[in-house]
Amino acid sequence: METSAGRRVLVVEDERAIADAVAARLRAEGFLVQVVGDGPSAVEAARRDPPDAIVLDVMLPGFDGLEVCRRIQAERPTPVLMLTARGEETDLLVGLAVGADDYMAKPFSMRELAARVHALLRRVDKVAATPKAGPPTLRLGDLEINQAERRVLRAGAEKHLTPTEFDLLVHLARAPRTVLPRERLLAEVWGWADASGTRTVDSHIKGLRRKLGADLIRTVHGVGYALEVDR
Ligand code: CA
């Protein structure tokens, strides 16, 4: 598959049997795979040889996967698939908040894992292609976003947004039905790394809902927001 050719995946897992099975499957898919078994090694490996994606277990020696994710994302945004113990809802929520893109609960099938890694990279490729090669107009259900003219229509009626509301909407619309953590929206739309400004995100979401309709944006409590529209 074209998403794997020459792409580098860092696998972070201290349980040898799982690490080996994940690495073998990803290598069979054509990925270049590096395996490390603890938190500090993961951060070091990502710094030395930046991967295209990371498969990251939460429970690790040294420091845990959440801390690994936090540190790596602070240096260079990288797609992360997080592995959690079944039923660890807290890990999932914190994982999304620290910048993980997707998660899987153990036990999982290697087939499913490979599919998720491909999906992660496809999503990244698509977002990267959007500004130059993508269509200038995003159409999602009855929502139409003309990026060149910075105009928004819902059900054919023009909606007047502030520049920040527009940028926030475009971010949500590029990854529909994907929960975007407030910290990430803050960093990408406002260029702030400081999570204390997440209330700013909340108030702009409120503005978007007032202008575009309350049904458009779903709140995931404690994490962030997702745009809920049909393709
Ligand atoms: Ca582990």
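Let me begin by describing the structure that accompanies this report. (Residues numbered from 1 in each chain as written. Predicted model: local features only at pLDDT ≥ 70, side-chain atom pairs only at ≥ 80, totals over all residues. Heavy atoms only, no water.)

The next subject is the sheet that holds strand S1 (residues 8-12). Read from one edge of the open sheet, 5 strands run S2-S1-S3-S4-S5, paired in parallel fashion. Each end of this open sheet is capped by a strand with a single partner; those strands are strand S2 (32-36) and strand S5 (102-106). The average undirected angle you get between the axes of adjacent strands in this sheet is 20°. The pairing of strand S3 (residues 53-57) with strand S4 (residues 80-85) spans 4 bridges and is classified as parallel. Looking at S4, one finds that Ile 54 is bridged to Val 80. The strands that helix H1 (residues 16-28) touches are S1, S2, S3 and S5; relative to S2, the one it contacts most, it runs at about 170°. (Pairing = 2+ DSSP bridges. Helix = DSSP H or I, 4+ residues; strand = E, 2+ residues; numbered from the N terminus. Axes fitted to C-alpha atoms, helices over the stretch in contact; angles between N-to-C directions. Contact = heavy atoms within 4.5 Å.)

Let us look at the packing of helix H6 (residues 163-174) against helix H8 (residues 198-212). Packed helices, taken two at a time, are described by their axes: the angle between them and the distance between them. Taken N-terminus to C-terminus, the directions of H6 and H8 make an angle of 90°; their axes are 10 Å apart at the nearest point. Considering the angle they form, H6 stands roughly perpendicular to H8. Where H6 abuts H8, its residues Thr 164, Glu 165, Leu 168, Leu 169 and Leu 172 lie against Val 201, His 204, Ile 205, Gly 207, Leu 208, Lys 211 and Leu 212. Within the contact of H6 with H8, the residues separate by chemical class into 7 nonpolar, 3 polar and 2 charged. (Parallel < 35°, antiparallel > 145°, perpendicular 65-115°, else oblique. Nonpolar A, V, L, I, M, F, W, Y, C, P; charged D, E, K, R; others polar.)

With that out of the way, let us pick up the coordination of the calcium ion. The protein atoms donating to the calcium ion are Glu 13 (OE), Asp 14 (OD), Asp 57 (OD) and Met 59 (O), with metal-donor distances spanning 2.0 to 2.8 Å. Mapping the donors of the calcium ion onto the primary sequence gives the spacing E-D-x42-D-x1-M. Of this pair, Glu 13 sits in the loop between S1 and H1 while Asp 57 sits in strand S3, placing them 44 residues apart in sequence. Look at Glu 13 and you get buried, because its relative accessible area is 3%. Given a relative accessible area of 2%, Asp 57 falls into the buried group. (Donors = N, O, S within 2.8 Å, 3.2 Å for Na, K, Ca; no water. Buried < 20%, exposed > 50% of the residue type's maximum accessible area, 1.4 Å probe, protein only.)

This brings us to the sheet that holds strand S8 (residues 151-154). Taken in spatial order, the 4 strands line up as S6-S7-S8-S9 in an open sheet, and their pairing is antiparallel. What marks the edges here is a single partner per strand, and that holds for strand S6 (137-140) and strand S9 (157-159). For this sheet the average axis-to-axis angle between neighbouring strands, irrespective of direction, equals 20°. Bridge count for S8 against S9 is 3 bridges, and the pairing is antiparallel. Its bridge partner lying in S9, Leu 153 is registered against Glu 158. Sitting on the sheet, H6 is in contact with S6, strand S7 (143-146) and S8, with an inclination near 115° to S7.

As a further point, take the pairing of S7. With 4 bridges connecting them, S6 and S7 associate as antiparallel partners. Bridging from a neighbouring strand, Thr 137 pairs with Asn 146 of S7. If you look at the hairpin formed by S6 and S7, you'll find 2 residues sitting between the two strands, and Gly 141 has a positive phi there, around 60°. Bridging between S7 and S8 involves 4 bridges; their strand directions are antiparallel. Among the inter-strand pairings, Glu 144 is bridged to a residue of S8, identified as Leu 153. Connecting S7 to the next strand, S8, in antiparallel fashion are 4 residues, including Arg 150 with a positive phi near 55°.

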